[in-house]
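If you want the building blocks of each chain, they are given just below.
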Amino acid sequence: MRLNHIDLHSPVVAETASFFLDHFGLTLVEKRGKDAFYRLTDGSGLVLVVSAPITSLGGGDQVSLGAQTYHIGFLLPTRDEVDAACQRLRASGVQVNAPKDRHGAYVFYVVIPGNILVEVGHRPGV
């Protein structure tokens, strides 16, 4: 068995998906509806879906919850690339804390539309 995809629920589906497309280099594979479903990929096997929560299945989103209950992370090959990613986000007006060494990695965190916490970092040897 292998993990097929990760689906992030957001009340602002297009805005969340656009952030991943614009700032994290993901590619749009499929879009359904006006603001209902986006399937994105990184070209290396990651399939990331952004969709509205399915209330009939008990789905919710972190904006409605008013809390961040998880985060997702992206790895870069070097510390310099982490610094560059942080600077690109800042230059586009996104609030980002400076990268620092945490739990064996050099990382920064950013909250993107949909109240989703994203980690960007470098971990030596990975």
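The paragraphs below set out a description of the structure included in this document. Remember, it's a predicted structure, so these values are computed and weren't measured experimentally.

What follows concerns the nonpolar core. A general feature of soluble globular proteins is that nonpolar side chains tend to end up buried together. Ranked by size, the top nonpolar core spans 26 residues in total, and within it Phe20, Phe24, Phe108, Val110 and Val118 carry the most contacts. Breaking this core down by element, the ones donating at least two residues are helix 1 (13-23), strand 3 (37-41), strand 4 (47-51), strand 5 (71-75), helix 3 (79-91), strand 7 (105-112) and strand 8 (116-122). If near-sequence neighbours (up to four positions away) are discounted, Val118 is found in contact with Phe20, Phe24, Ile72, Phe74, Phe108, Tyr109, Val110 and Ile112.

Our next topic: the pattern of salt bridges. Per the counting criterion, the structure on display carries three salt bridges. The salt bridge involving Glu30 is made with Arg32; its shortest N-O contact spans 2.7 Å. The partly exposed category is assigned to Glu30, whose relative accessible area is 22%. In this structure, Arg79 engages Asp101 in a salt bridge whose closest nitrogen and oxygen atoms are separated by 2.8 Å. Placement of Arg79 in helix 3 and of Asp101 in strand 6 (residues 100-102) is noted, with a sequence separation of 22 residues between them. Looking at Asp101, the relative accessible area reads 53%, which means it is exposed.

Let us now look at the pairing of strand 7. Counting buried positions over the eight residues of strand 7 gives six, a clear majority of the element. Pairing of strand 6 with strand 7 involves three bridges; the strand directions are antiparallel. Residue pairing across strands places Asp101 opposite Tyr106, the latter belonging to strand 7. Where strand 7 meets strand 8, seven bridges bridge the pair, whose relative direction is antiparallel. Across the sheet, residue Tyr109 finds its bridge partner in strand 8, namely Glu119.

Each value, and the rule that gives it
- Residues numbered from 1 in each chain as written.
- Predicted model: local features only at pLDDT ≥ 70, side-chain atom pairs only at ≥ 80, totals over all residues.
- Heavy atoms only, no water.
- Core = buried A, V, L, I, M, F, W, Y, C linked by side-chain atoms within 4.5 Å.
- Buried < 20%, exposed > 50% of the residue type's maximum accessible area, 1.4 Å probe, protein only.
- Helix = DSSP H or I, 4+ residues; strand = E, 2+ residues; numbered from the N terminus.
- Contact = heavy atoms within 4.5 Å.
- Salt bridge = Lys/Arg side-chain N within 4 Å of Asp/Glu carboxyl O.
- Pairing = 2+ DSSP bridges.

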